[in-house]
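Each chain, letter by letter, is given below.
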Amino acid sequence: MNVASIIEFFESMIKSTSMTNNDAAYGAGMAGGPFDLVLFFKKPQVIIRIVNLLFSLIVFASIATEASYKQGTCPMNNDGTACGYGILIGVIGFISCIIFLILDARFENLSSIKIRKRIVVSDMVFSFAWSVVWFLIFCYNANEWRKTSAEIEAKSEAYLIRISLAFTFFSIITWVP
């Protein structure tokens, strides 16, 4: 590879990303086009959001439906904070996925580049921050589960806590922007 081919490569990259009448701003096409539901659900970003939505649902539902939690005690070392944080983070993640799915659906019809930029930047910042939050919750809940007595771990409902821990870990990976 010589210097001329490297310069040509960068010039072609600049030309392909420059704003002309036919180009897109912040990953969207021309505003006002028809909404294609099939094409929308084929986008990788939408698929990841749906996966995040399901993971969040699994995390908070598996903790909230565990029998001892319904009776007022948290199976993770009797630490109500661990269960509460897991449910809270799962619910907020679920709601934020719905909000970002709606924004993704509306994104194609936004004509303002400033609004598109704000959506893209807020999505990236939130996704990174939420990935960090999932990591912290995973560490905290895994530590509390490690301290749990063997008799609680032997209960038939303990698999729900293990599921929540697994999907909390998976959420760390899927929320990375």
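In what follows, the structure referred to is the one given above.
What counts as what
- Residues numbered from 1 in each chain as written.
- Predicted model: local features only at pLDDT ≥ 70, side-chain atom pairs only at ≥ 80, totals over all residues.
- Heavy atoms only, no water.
- Helix = DSSP H or I, 4+ residues; strand = E, 2+ residues; numbered from the N terminus.
- Buried < 20%, exposed > 50% of the residue type's maximum accessible area, 1.4 Å probe, protein only.
- Contact = heavy atoms within 4.5 Å.
- Disulfide = S-S within 2.5 Å.
- Axes fitted to C-alpha atoms, helices over the stretch in contact; angles between N-to-C directions.
- Parallel < 35°, antiparallel > 145°, perpendicular 65-115°, else oblique.
- Left-handed = near helix turned anticlockwise from the far one by under 90°.
- Nonpolar A, V, L, I, M, F, W, Y, C, P; charged D, E, K, R; others polar.
- Phe/Tyr/Trp six-rings, centres within 6.5 Å; stacked < 30°, edge-to-face > 60°.
- Lys NZ or Arg CZ within 6 Å of the ring centre and 35° of its normal.

Peer 1: Please clarify how the overall build of the protein chain should be interpreted in this entry.
Peer 2: Counting its regular elements, the protein chain contains eight helices and zero strands. Overall, the protein chain shows an N-to-C arrangement of helices and strands of α-α-α-α-α-α-α-α. In the protein chain, which comprises 177 residues, the share counted as buried stands at 32%. Partitioning the contacts of the protein chain with sequence separation of at least 6, the portion at a separation of at least 24 is 78%.

Peer 1: I would appreciate a short explanation of the state of the cysteines in the present structure.
Peer 2: Applying the stated criterion across every chain yields a total of one disulfide. Residue cysteine 74 pairs covalently with cysteine 83 via a disulfide, S to S 1.9 Å. Handedness here is read from the sign of the S-S torsion; for cysteine 74 and cysteine 83, about 80 degrees, the answer is right-handed. Using a relative accessible area of 0% as the deciding quantity, one classes cysteine 83 as buried.

Peer 1: What is the right way to read the side chain of arginine 49 from this model?
Peer 2: Within the fold, arginine 49 resides in helix H3 (residues 44–64). The residues touching arginine 49, leaving out its near neighbours within four places in the chain, are Cys97, Phe100, Leu101, Asp104 and Asp123.

Peer 1: Help me out: how do you make sense of the packing of H3 against helix H8 (residues 158–174) in this one?
Peer 2: Between two packed helices, what matters for the description is the angle formed by their axes and the separation of those axes. Remark: H3 packs on H8, axes separated minimally by 8 Å, with the N-to-C direction vectors making an angle of 155 degrees. Accordingly, the angle class assigned to the pair H3 and H8 is roughly antiparallel. Note that H3 runs across H8; the crossing there is left-handed. On the side of H3, the interface is formed by Ile48, Val51, Asn52, Phe55, Ile58, Val59, Ser62 and Ile63, while H8 contributes Leu160, Ile161, Ile163, Ser164, Phe167, Thr168, Phe170, Ser171 and Thr174. In terms of residue class, the contact of H3 with H8 is made up of 11 nonpolar, six polar and no charged.

Peer 1: Quick question: what am I supposed to make of the packing of aromatic side chains here?
Peer 2: What characterises a pair of aromatic rings is the spacing of the ring centres plus the angle enclosed by the ring planes. Per the stated rule, a full pass over the model turns up 11 aromatic pairs. Here the aromatic rings of phenylalanine 55 and phenylalanine 167 are separated by 5.0 Å at their centres, their planes lie at 65 degrees, and the arrangement is edge-to-face. With phenylalanine 55 in helix H3 and phenylalanine 167 in helix H8, this residue pair connects regions lying 112 residues apart in the sequence. Clustering of aromatic rings is evident, with ring pairs tying together Phe55, Phe138, Phe167, Phe169 and Phe170. Here the basic side chain of arginine 116 rests over the ring of phenylalanine 107, its NZ or CZ set 5.5 Å away from the ring centre.

Function cannot be read off these values alone, since they describe shape.
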